[in-house]
Amino acid sequence: MNTVTKQFDVAVLGAGPAGLAAALQAARNGAKVLLIDKNGYVGGNMTLGLPLLGFLDRDGRQVIRGIAQEFIDDLQAYKTPYGVAASSHLKCPMHNSVTLYDHEIFKFVALRKVLDAGIELLLHSEIIDAEVDNGRLTAIQLVGKGWHIRVEAKVFIDCTGDGDMAYLAGASYAKGQKDTGNIQPPTLMFTVRGVDEDKLLQYIADNPDQMQLCDTIEIGGGYDAEFFRSNPNYVLVGLRKLFSQLRSEGKLPVDRDTLIAIKSLLPGEIHLNCTRHLGTDGSDVFSLTHAEIEGYLQVEKFVDCLRQYIPGFENCFITNIYPTMGIRESRRFKGIRELQEDAAINGVIDEETIGIASYIVDIHMADAAGTIVKRVPPYGLPYGITVSSEIKGLMFAGRCASMDAVVMSSARVMPICMAIGEGAGVGAALAVRYGIEPADVDVQEVRKILRESNVQLEVEE
């Protein structure tokens, strides 16, 4: 096997939304950065057919800007035969806001941003070990295509979602919901074309009871056919009555109670967030393998079900099954602060805030077909959730950051993960600049740099 050792100031593992933001901010603030990913492209979950949720709060105020908004600006400047490659942020009675974008063009935009920042990129590489010496993470070991790559860095940021680097380093973590330990089920996203959207929305208009969701879901008014017809950015969560009937008759091949249809920028194209894999642990390779297999089998059967029973989908056909399972929940690591449910519910924004979050609490039940949705005010993301309390030189951003399970179910969406990543990236760069630990960085200096980067740290009146 070929072997090599590389040295960097900051190594970021995972090039999804959190990792992109962390690497960009670290590089922009003077650090020599390596960005590593297991895939052959950058973007992670931002390439899986999902919309961007939560740029706006429940009152329609924009609370996330910074690098997340930079990506939208770049995509809106990207001309395509169907128009620009990203929509505006439009208010939604359920999701606070929805922003659509072209997932393939995003790969170009993100790659150029990484290269323009002078970040070294290493793809097709998986972590196999983490070296901890006297309480400090000093190196990680990667493998890819017959290469054994050892990476030394002053600061490491885990942006893998599952916290693979922090886990191998021996950091403490929690997993699952507080009372049950259950993990939210993941989804294998896929896209279909040939959908008659007018017919689908007419069915909802003629049958408004199809938009009555379960009692555990809090939702604003006006989430109906008229809203979807007037809103080109819709994410439709509905058809509960029809799905319940199909389940009772044994005709629905997934254990869920609603259709989640995400409008594409292309006419007649819909991204579907519909497979469901109860009992899956995305941080367990055997469990994940089982879910991926089950996902493909569910997609095939579900599309047949759509054609037979769902108005507007009679002529739909699959155009894409995405290459990675969408994981909602796995490991969450112990930071010098933990963001807890009370802070989110009460909208706490304190002097250690490095970003604002304002997505709904969105818990997909692990033991049933339904979902728990709570609407919350904007709340702060404190710097301490990105810093390991146990291992020096280790940080984390994204859904593996230091949060309880309820907060994670809100903060796991991509714009919020980018906001967490930005704070971690600035903190890592300052730790390198001053030769100190990330825990000892002046949070007010982090906040000053973030403000200068158009990150919003307060809610506008």
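Given the structure is predicted, the values throughout are model-derived calculations rather than measurements.

Definitions and cut-offs
- Residues numbered from 1 in each chain as written.
- Predicted model: local features only at pLDDT ≥ 70, side-chain atom pairs only at ≥ 80, totals over all residues.
- Heavy atoms only, no water.
- Helix = DSSP H or I, 4+ residues; strand = E, 2+ residues; numbered from the N terminus.
- Rg over C-alpha atoms; globule rule 2.2 N^0.38 Å.
- Buried < 20%, exposed > 50% of the residue type's maximum accessible area, 1.4 Å probe, protein only.
- Pairing = 2+ DSSP bridges.
- Axes fitted to C-alpha atoms, helices over the stretch in contact; angles between N-to-C directions.
- Parallel < 35°, antiparallel > 145°, perpendicular 65-115°, else oblique.
- Left-handed = near helix turned anticlockwise from the far one by under 90°.
- Contact = heavy atoms within 4.5 Å.
- Nonpolar A, V, L, I, M, F, W, Y, C, P; charged D, E, K, R; others polar.
- Salt bridge = Lys/Arg side-chain N within 4 Å of Asp/Glu carboxyl O.
- Core = buried A, V, L, I, M, F, W, Y, C linked by side-chain atoms within 4.5 Å.
- Polar contact = N/O pair within 3.5 Å; in protein donor to acceptor, adjacent residues only side chain to side chain.
- Disulfide = S-S within 2.5 Å.

J.: Describe the overall build of the chain, naming the residues involved and giving the relevant values.
T.: Looking only at helices and strands, one finds twelve helices and 23 strands in the chain. Over its C-alpha atoms the chain spans a radius of gyration of 21 Å, differing by no more than 12% from the 23 Å that the globule rule assigns to 461 residues. When the backbone C-alpha atoms are referred to their principal axes, the chain occupies close to 65 × 55 × 50 Å. By the burial criterion, 61% of the 461 residues in the chain qualify as buried.

J.: Provide a residue-level description of the sheet that holds strand S3 (residues 52–53), including the pertinent values.
T.: Backbone-to-backbone hydrogen bonds join strands into a sheet, with any given pair of strands oriented parallel or antiparallel. Taken together, three strands build an open sheet; the order of strands is S3-S7-S6 and the sheet is antiparallel. Pairing within the sheet leaves two strands with one partner each, and these edge strands are S3 and strand S6 (90–92). Examined bridge by bridge, S3 and strand S7 (residues 96–99) share two bridges and lie antiparallel to one another. For Leu52, the partnering residue across the bridge sits in S7 and is Thr99.

J.: Please provide a residue-by-residue account of the packing of helix H1 (residues 17–28) against helix H3 (residues 103–116), values included.
T.: As a packed pair, H1 and H3 sit with axes 10 Å apart at the nearest point and diverge in direction by 25°. With respect to each other, H1 and H3 are oriented roughly parallel. In this structure, H1 crosses over H3, and the sense of that crossing is left-handed. Facing H1, whose interface residues are Leu20, Leu24 and Arg28, H3 presents Phe106, Ala110, Lys113 and Val114. A per-class count over the contact of H1 with H3 returns five nonpolar, no polar and two charged.

J.: Before we move on, could you go through unusual backbone geometry and cite the residues and values that matter?
T.: For His124, which is not glycine, the phi torsion reads 55° and is therefore positive. Tracing the chain through its elements places His124 in the loop between strand S8 (120–122) and strand S9 (126–133).

J.: Describe in detail the packing of helix H2 (residues 66–76) against H3, supporting the description with residues and values.
T.: At a minimum axis distance of 10 Å, the contact between H2 and H3 shows a crossing angle of 120°. Between H2 and H3, the angle is such that the two are oblique. Between H2 and H3 lies a crossing whose hand is right-handed. Along the contact surface, H2 presents Glu70, Phe71, Asp74 and Leu75, while H3 presents Ile105, Phe106, Val109, Ala110 and Lys113. In the contact of H2 with H3, the residues fall into six nonpolar, no polar and three charged.

J.: So what's going on with the pairing of strand S21 (residues 371–374)? Which residues, and what values?
T.: Burial along S21 is one-sided: Thr371 and Val373 are buried, and none of Ile372 and Lys374, which face the opposite way, are. Bridge analysis of strand S20 (residues 361–364) against S21 gives four bridges, and the strand direction is antiparallel. Paired with Val361 across the two strands is Lys374, which belongs to S21. Linking S20 back to S21 in an antiparallel pair, the connection comprises six residues.

J.: Any chance you could break down the pattern of salt bridges for me, citing the residues and the numbers?
T.: Across all of its chains, the model carries 32 salt bridges by this definition. Between Asp74 and Lys113 there is a salt bridge whose closest N-O contact spans 2.6 Å. Residue Asp74 is located in helix H2, and its partner Lys113 is located in helix H3; the two are separated by 39 residues in the primary sequence. We classify Asp74 as partly exposed; its relative accessible area is 31%. Owing to a relative accessible area of 13%, Lys113 belongs among the buried residues under this scheme. The network of salt bridges with common partners includes Arg28, Glu70, Asp74 and Lys113.

J.: Summarise the nonpolar core; cite the residues concerned and give the values.
T.: Among the nonpolar cores identified, the biggest contains 135 residues, and Val10, Ile157, Leu259, Leu272 and Phe313 are the most heavily contacted of them. Apart from residues no more than four positions distant in its own chain, Val10 is found in contact with Ala26, Ala31, Lys32, Val33, Leu34, Ala153, Val155, Ile157, Ala428 and Val432. Of all hydrophobic cores here, the second largest spans 24 residues; its members include Leu142, Ala169, Phe333 and Leu394.

J.: Quick rundown of the side chain of Gln62? Include the residues and the values.
T.: Among the structural elements, Gln62 can be located in the loop between S3 and H2. Engagement of the side chain of Gln62 in a polar contact is seen with the backbone oxygen of Ile64, the distance being 2.8 Å. Sequence-distant contacts of Gln62, defined by excluding residues within four places in its chain, comprise Phe55, Leu56, Gln69, His89 and Gln456.

J.: Please give an account of the state of the cysteines that cites residues and values.
T.: A full pass over the atoms with the stated rule returns zero disulfides. For Cys214, which is in no disulfide, the shortest distance to another cysteine sulfur is to Cys274 and amounts to 15 Å. Residue classification places Cys214 among the buried residues on the basis of a relative accessible area of 11%. There is no disulfide at Cys316, and the cysteine sulfur nearest it, in Cys305, is 10 Å away. Since its relative accessible area comes to 2%, Cys316 is described here as buried.

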